[in-house]
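Chain by chain, the residues run as shown.
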Amino acid sequence: MRADELHHRELLELDPEGGVIRFAGQRALLLDAVAMGLLRKYLVENFGLTAARTVLTQFGFAHGWRMAEALEAEFKWDSDDDWRHAGGRLHTLQGLVRVESPGPQPPQTGPKPLGDSIWHDSYEAEQHLLHLGPAEEPVCWTLTG
């Protein structure tokens, strides 16, 4: 499978009786973006910017790790590059951010970078602006985690 072939129909399972949603074979939740923004605001106001960033980054890491494990187990990838780029596609399908891949890259020696994309429409940036205003540094803490 190639990363650009991932679609909701392969990933999303809705129980007709309700109560359980699965995404990439794992139980998932639909959460309101504003509720996540209010959680961010609460963390910043009560524990400070550094602690809020730490908690949300660790949460993002755990979410990304679990999704990577699920993708590796659920699909047979054409290449390691496809598996690696599936993460960005998954972020897009989950409504977290729209990931734009730069297209074919020239051959490289050594490890390939993972940060070879441009992000648009980040829910985290949107929520940070809404609840905390403009920031002096990047605020996509869960996404980068």
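In this text the structure is predicted, and so the values were computed from the model without any measurement.

Trainee: Could you give me a rundown of the overall build of the protein, with the residues and numbers involved?
Mentor: Looking only at helices and strands, the protein has six helices and five strands in total. Expressed as a percentage of its 145 residues, the buried residues of the protein come to 27%. Of the roughly 9600 Å² that the protein leaves accessible, carbon and sulfur atoms contribute 58%.

Trainee: Please set out the nonpolar core residue by residue, giving values where relevant.
Mentor: Ranked by internal contacts, the top residues of the largest apolar core, which has 14 residues, are Leu-6, Leu-11, Phe-23, Leu-71, Phe-75 and Trp-77. Every element with two or more residues in this core is listed here: helix H3 (49-74) and helix H4 (80-93). Those residues in contact with Leu-6, other than ones at most four positions away along the chain, are Met-1, Leu-11, Leu-71, Phe-75, Trp-77, Ala-86, Arg-89 and Leu-93.

Trainee: Which residues make up the packing of helix H2 (residues 33-47) against helix H5 (residues 123-132), and what are the values?
Mentor: Orientation of H2 relative to H5, taken along the N-to-C sense of each, is 60°, at an axis distance of 9 Å. Here H5 runs oblique to H2, going by the angle between their axes. Of the two possible hands of crossing, H2 and H5 adopt the one that is right-handed. On H5, the residues that touch Ala-33, Val-34, Met-36, Gly-37, Leu-38, Arg-40, Lys-41 and Val-44 of H2 are Tyr-123, Glu-124, Gln-127, His-128, Leu-130, His-131 and Leu-132.

Here is what the cut-offs are and how they apply
Residues numbered from 1 in each chain as written. Predicted model: local features only at pLDDT ≥ 70, side-chain atom pairs only at ≥ 80, totals over all residues. Heavy atoms only, no water. Helix = DSSP H or I, 4+ residues; strand = E, 2+ residues; numbered from the N terminus. Buried < 20%, exposed > 50% of the residue type's maximum accessible area, 1.4 Å probe, protein only. Areas by Shrake-Rupley, 256 points an atom, 1.4 Å probe, with all protein chains shown as cover. Core = buried A, V, L, I, M, F, W, Y, C linked by side-chain atoms within 4.5 Å. Contact = heavy atoms within 4.5 Å. Axes fitted to C-alpha atoms, helices over the stretch in contact; angles between N-to-C directions. Parallel < 35°, antiparallel > 145°, perpendicular 65-115°, else oblique. Left-handed = near helix turned anticlockwise from the far one by under 90°.

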